[in-house]
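As a plain string of letters, each chain reads:
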Amino acid sequence: MTEGKYPGELASPQQIHDLAEEYRKGATLLLQLGRSGKPLTRAPFRLSAIHAIELYLTALLLHRGHDPNQIRKMQHDLAARAKHTGEAGLRLRAKTANHLQSLSQNREYLVTRYGPELAATASQINRLTATLEEVAAKVTLLIAPSTRTGQQSDVAAPGEA
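Keep in mind that what you see is a predicted model, and the values were worked out from it rather than measured.

S.K.: Which residues make up the overall build of the protein chain, and what values go with them?
M.R.: Counting its secondary structure elements, the protein chain contains 7 helices and 0 strands. Sequence-ordered secondary structure for the protein chain, helices as α and strands as β, is α-α-α-α-α-α-α. For the protein chain, the residues scored as buried account for 42% of the 161 residues in total. Carbon and sulfur atoms form 54% of the exposed surface of the protein chain, whose accessible area is close to 9,100 Å².

Now the structure itself:
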């Protein structure tokens, strides 16, 4: 690592996307370890899922030419990332866009990491899973080269915000 550089500062969008994929896969495995009625047992899943979402959004921003230093200044603010990725062509369903706002407003990244007393107040597991899967699928399509034209894909589905 070069002196003064932040980890990931020189990573390509594809490398960040690949890392997001690994966190998504890990989240899927961790979800199976959670127990009904025991919110704390879902914390490892939540942390991995939220981190994967952040990485997917970061990969898209990098792919669209955003400065890594400006992305880092967003810290863990998924609402800010969602705003910028929306401007970069990511079209999410209204429920998903609203959930990204809620994750930021409720500081779920920090609650999941440091607030065991607040575990029961976090968003629903099925909502977090749906958000993760939608963000993963749509970002993956947006940054993958189109096989027909050699250009980037554009993703939009009916009923999206």
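S.K.: Tell me about the side chain of Arg81, and name the residues and values.
M.R.: Assignment of secondary structure puts Arg81 in helix α4 (residues 78–87). What makes Arg81 buried here is its relative accessible area of 3%. A distance of 2.9 Å separates polar atoms of two side chains, one belonging to Arg81 and the other to Thr58. Of the polar contacts made by the side chain of Arg81, one reaches the backbone oxygen of Gln75; its length is 2.6 Å. For Arg81, the residues in contact, after removing those within four places along its chain, are Glu54, Leu57, Thr58, Leu61, Ile71, Met74, Gln75 and His76.

S.K.: With reference to specific residues and values, describe unusual backbone geometry.
M.R.: Both trends apply: most residues other than glycine have a negative phi, and most peptide bonds are in trans. With phi around 55°, Gln75 is a residue other than glycine that occupies positive phi space. Residue placement: Gln75 occurs in the loop between α3 (68–73) and α4. According to the relative accessible area criterion, Gln75 is exposed, its value standing at 58%. With phi around 55°, Arg107 is a residue other than glycine that occupies positive phi space. Along the chain, Arg107 turns up in the loop between α5 (94–105) and α6 (108–114).

S.K.: Can you explain the pattern of salt bridges? Please cite residues and give values.
M.R.: Tallied over the full model, the rule gives 7 salt bridges. With a closest N to O distance of 3.5 Å, Lys25 and Glu22 form a salt bridge. One end of the pair is Lys25 and the other is Glu22, both in helix α1 (residues 13–31) and 3 residues apart, which spans about a single turn. As a salt-bridge pair, Glu108 and Arg46 come within 3.8 Å of each other at their nearest N and O atoms. One end of the pair, Glu108, is in helix α6; the other, Arg46, is in helix α2 (residues 43–63), and 62 residues separate them in sequence. There is no split in this pair, since Glu108 and Arg46 are both buried. Among the ionic contacts, a cluster of salt bridges with common partners joins Arg93, Glu134 and Lys138.

S.K.: Explain the packing of α1 against α2 to me, using residue names and the numbers behind them.
M.R.: Contact geometry of α1 with α2 gives a least axis separation of 8 Å together with a crossing angle of 160°. Judged on the interaxial angle alone, α2 and α1 are roughly antiparallel. Note that α1 runs across α2; the crossing there is left-handed. Of the residues in α2, those touching α1 at Pro13, Ile16, His17, Leu19, Ala20, Glu21, Tyr23, Arg24, Ala27, Leu30 and Leu31 are Pro44, Phe45, Ser48, Ala49, His51, Ala52, Leu55, Tyr56, Thr58, Ala59, Leu62 and His63. Tallied by class, the residues present in the contact of α1 with α2 amount to 16 nonpolar, 5 polar and 2 charged.

S.K.: Talk me through the confidence of the model for the protein chain; I want residue IDs and the actual numbers.
M.R.: Close inspection of predicted coordinates is inappropriate in any region flagged by low pLDDT. A residue-level look at the protein chain finds 88% of positions with pLDDT of 70 or above and a mean pLDDT of 87. Considering only residues more than four positions removed or in separate chains, one finds that residues 147–161, a stretch of pLDDT under 50, has 32 contacts.

S.K.: Break down the environment of Arg113 for me, with residues and values.
M.R.: Note on placement: Arg113 falls in helix α6. Between the alpha carbons of Arg113 and Pro44 there is a distance of 8.7 Å; along the sequence they are 69 residues apart. The contacts of Arg113, once residues within four sequence positions are left out, are Leu47 and His76. At 2.5 Å, the side chain of Arg113 and the side chain of Tyr114 are in polar contact.

Quick notes on the rules
- Residues numbered from 1 in each chain as written.
- Predicted model: local features only at pLDDT ≥ 70, side-chain atom pairs only at ≥ 80, totals over all residues.
- Heavy atoms only, no water.
- Helix = DSSP H or I, 4+ residues; strand = E, 2+ residues; numbered from the N terminus.
- Buried < 20%, exposed > 50% of the residue type's maximum accessible area, 1.4 Å probe, protein only.
- Areas by Shrake-Rupley, 256 points an atom, 1.4 Å probe, with all protein chains shown as cover.
- Polar contact = N/O pair within 3.5 Å; in protein donor to acceptor, adjacent residues only side chain to side chain.
- Contact = heavy atoms within 4.5 Å.
- Salt bridge = Lys/Arg side-chain N within 4 Å of Asp/Glu carboxyl O.
- Axes fitted to C-alpha atoms, helices over the stretch in contact; angles between N-to-C directions.
- Parallel < 35°, antiparallel > 145°, perpendicular 65-115°, else oblique.
- Left-handed = near helix turned anticlockwise from the far one by under 90°.
- Nonpolar A, V, L, I, M, F, W, Y, C, P; charged D, E, K, R; others polar.
- pLDDT = per-residue confidence, 0-100.

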